[in-house]
Structures are given as structure tokens and as C-alpha cells.
Amino acid sequence: MSLVNQTPQWQALQGHWEEMNGVRMLDLFAADPGRAQAMSLSAAGLHLDYSKNILTRDTLARLLDLAEAVDLKGWTRRMFEGEPINNTERRAVLHCALRNRSNRPILVDGADVMPGINSVLARMESFAGRLRSGEWRGHTGERITDVVNIGIGGSNLGPKMVCAALAPYQTESLRVHFVSNVDGTHLVETVQRLDPARTLFIVASKTFTTQETMANATSARDWLLAALKDRSAVARHFVAVSTNAEKVAAFGIDTANMFGFWDWVGGRYSLWSAIGLPIALYIGMD
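Analysis parameters
Starting from 1, residues in each chain are numbered consecutively following that chain's sequence as written. Per-residue local features of the predicted model are confined to residues with pLDDT of at least 70, and side-chain atom pairs are confined, for both listing and counting, to 80 or more; whole-chain, interface and lining totals are unaffected and use all residues. Excluded from the side-chain calculations are hydrogens and water; all other atoms, namely the structure's heavy atoms, are used. Numbering of helices and strands runs from the N terminus; a helix is a DSSP stretch of H or I covering at least four residues, while a strand is a stretch of E covering at least two. Both definitions apply: the radius of gyration is a C-alpha atom measure, and the globule rule equals 2.2 Å times residues to the power 0.38. Exposure classes here rest on a 1.4 Å probe applied to the protein chains alone. A residue is buried below 20% of its type maximum, exposed above 50%, and partly exposed in between. Here, Shrake-Rupley sampling with a 1.4 Å probe gives the accessible areas, and only protein chains in the shown set may cover a residue. The charge count includes Lys and Arg as positive and Asp and Glu as negative, but it does not include His or the ends of the chains. Where a charge lies is defined by one atom per residue type, namely NZ (Lys), CZ (Arg), CG (Asp) and CD (Glu). Ring pairs are drawn from Phe, Tyr and Trp, using the six-membered ring of Trp, whenever the two centres fall within 6.5 Å, and their geometry is named by plane angle: stacked under 30 degrees, edge-to-face over 60, tilted for the rest. Salt bridge, as used here, is a side-chain nitrogen of Lys or Arg placed within 4 Å of a carboxyl oxygen of Asp or Glu. Each direction from the helix axis to a C-beta atom contributes to the arc, which is the arc of those directions. In this description, contact between two residues means that some pair of their heavy atoms is separated by no more than 4.5 Å. The span you would expect from a helix comes to 1.5 Å times its residue count less one.

On to the overall build of the chain, then. A count of helical and extended segments in the chain gives 13 helices and 9 strands. At 24 Å, the chain has a C-alpha radius of gyration far larger than the 19 Å of a compact globule built from 286 residues. Summarising its shape, the C-alpha atoms of the chain cover approximately 75 × 45 × 35 Å along the three principal directions. The buried share of the chain, taken over its 286 residues, is 40%. Of the roughly 15,600 Å² of accessible surface on the chain, 54% is carried by carbon and sulfur atoms. Taking the average place of the 29 positive charges on the side chains of the chain and the average place of its 29 negative ones, the gap between the two points comes to 4 Å.

So, in C-alpha cells, the structure goes:
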């Protein structure tokens, strides 16, 4: 199969763009009185108006020709059916399954992934409810007031973005912080104003071997134990987003508080999985 930029449809679109160079928005509306209606859509309570872009109905036709040439519909179907369309890792690409609230079965290697997703989401909801209500307490019986998420890449950026965007909806009794930089100052500056007895850490690493994440997690554990002086306190102040139960337990985290995710969701899409636990704590599971 040809690369998308090697198709005749791509070349035609590129030539069309050169023709559009210098075209003014004002002239496009003057030439096509029905432009706003033709280039807008309404569905699911949302209205999309894409008429205010430098494109014409001919542009749209050429874009659709390109989508057909590269079999966009076919690849979309393959994605939703759990085929391994991630060619470099031979994996399925099923972030759509994490958003499948209809519970329609979605198969990977013949097995429905929805029961596993629902199980993790239910455990997240239970944990978030207990922590937000104050039922979950720290080692000394104090209520948790601060959550520190330790992770890098997709284990940091997605949840951090959502928490920042939805800050007006946060619970007043709980603050969420994010540590990703392996430079120790990032963690030090984050925890210096926190009370160890009231702080919970989320360590997000699928393998629980990510060097940057584990370096910060170890430093966080040292900070906690220097204050509480009881290694059993780790189980009340650390939870894991991981699938490596052996290493999670060795770190001191109760594996009952380990939330898993899967190979078929890429890091940049994974905030819908257990990687989104800080979101659930910050604004609520709903």
C-alpha cells in the first residue's frame, strides 16, 4: 500500500492548496451564500461550524477522495474490531473501548475486553468514593488532603491536562499535584508544603520499572517514612497504576490498591483508563 502522500489524491489536494493560496475568507462567503449551512454539522448536542476555514466544497470533495483512497473507513472498522493495526508493536489500538459506555463487546484475540475495563472502572469508583468522602484515611488516621501523581509521558500529561481544564469542578477538600521530572527538585518543591500524614501518592507505571517514575516514587517513599517512621504506612499512602503485582508488592503497596491497564491503549490516549485515577479523585468519578 502506498504512503498517503504518494497517492494521486494527495498530489491533487496539494495542487488544489496551491490554487487556494491568497484566497480571502470574505470572498469565499460572497461567492457561496449557502456556505455556512453547507459547512456545519449538528449532532449529540454539539454544533460544528467549519465554514470559517480557507476551503471550498471542492476542497472537501478532494479530502473525501483521499480518505477513500487510503481506506479510512476500513481502517476505522479494523480499529474498532480489535485488529492489531499498530504495526510497529503488532497490537490493537482500542482507546475507543475505554469510552464504550454502551458495553458493546469489543474483542482482542477473540476475548471481550469490556468486562476487564468495567472491573477496573468499578474499583476506581469505589476507591475514589472512599477517599473523597474521608472513609480512606492515612496511617495515623488523618484525612487525605493532597494527592501526588508520579508518572511520565502519557501517565502524566493526559490527567494533568484534564485536571487543569476542569479545575472549577474540583472537590474543595482535595488537591492534586503532578510530578514527572526526574530532577529531584520537582518532587521536593511539590511536597515541601504537604503534610505526609495527609498525602497519597499514585505511582503510574505499567511495568513498575520506568526509571524516572521509580526514582521519584522511591524518593517520595523516603520522604513519607522519614516523617511517619513505620514502613507499613506505605500501604496507606501509596497506590499503583500498574500490572506488575510482584514489584508493586515489593515496593510496599497493597496489590488490592493496584489498578491495571492494557497494551492496546497508547499512553497519549490512556487517561480514560486507570491512568485517569487522579481525575476521578479530583473531580469525581462521574
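There is more to say after this.
This part covers unusual backbone geometry. The backbone of alanine 44 sits at a positive phi, close to 55°, despite the residue not being glycine. Within the secondary structure layout, alanine 44 lies in the loop between strand 1 (40-43) and strand 2 (46-49). A residue is classified by how much of its surface remains accessible, and alanine 44, at 81% relative accessible area, is exposed. A positive phi angle is found at aspartate 109, which is not glycine, with a value near 55°.

As a further point, take the packing of aromatic side chains. Taken as a whole and judged by the stated rule, the model has 7 aromatic pairs. Both rings, one in phenylalanine 127 and one in phenylalanine 259, keep their centres 5.7 Å apart while their planes meet at 55°; by these two values the pair is tilted. A residue pair is termed long-range when its members are at least 10 positions apart, and phenylalanine 127 in helix 7 (residues 114-133) and phenylalanine 259 in strand 9 (residues 258-259) qualify at 132 residues. The class for phenylalanine 259 is buried, based on a relative accessible area of 1%. Consider the rings of phenylalanine 208 and phenylalanine 251, whose centres lie 5.8 Å apart with planes at 85°: the pair is edge-to-face. Pair noted here: phenylalanine 208 is in the loop between strand 7 (199-204) and helix 10 (211-228) and phenylalanine 251 is in helix 12 (residues 245-251), with a separation of 43 residues, a long-range link.

As enumerated under the stated definition, the model contains 12 salt bridges in all. Between aspartate 263 and lysine 206 there is a salt bridge; the shortest N-O distance is 3.1 Å. Taken together, the residues span a long stretch of sequence, with aspartate 263 in the loop between strand 9 and helix 13 (277-283) and lysine 206 in the loop between strand 7 and helix 10 at a distance of 57 residues. With a relative accessible area of 41%, aspartate 263 lands in the partly exposed category. Among the charged side chains, a network of salt bridges with common partners joins Glu89, Arg91, Lys206 and Asp263.

Turning to helix 5 (residues 72-80), a few remarks are in order. Looking only at helix 5, the buried set comprises Gly74, Arg78 and Met79. In an axial view of helix 5, the angular spread of the buried residues amounts to 140°, which keeps them on one side of the axis. Of the surrounding elements, those touching the buried residues of helix 5 are helix 6 (95-98). Just beyond helix 5, the residue with positive phi is glycine 82, at close to 80°.

The end-to-end C-alpha distance of helix 1 (residues 8-20), which contains 13 residues, comes to 18 Å, matching closely the 18 Å that a straight helix rising 1.5 Å per residue would cover. Within helix 1, the full set of buried residues consists of Leu13, His16 and Met20. Taken around the axis of helix 1, the buried residues stretch over an arc of 60°, which confines them to a single face. Opposite the packed face of helix 1, turned more than 90 degrees from it, sit the exposed residues Pro8 and Glu18. Buried residues in helix 1 make contact with helix 4 (57-69).

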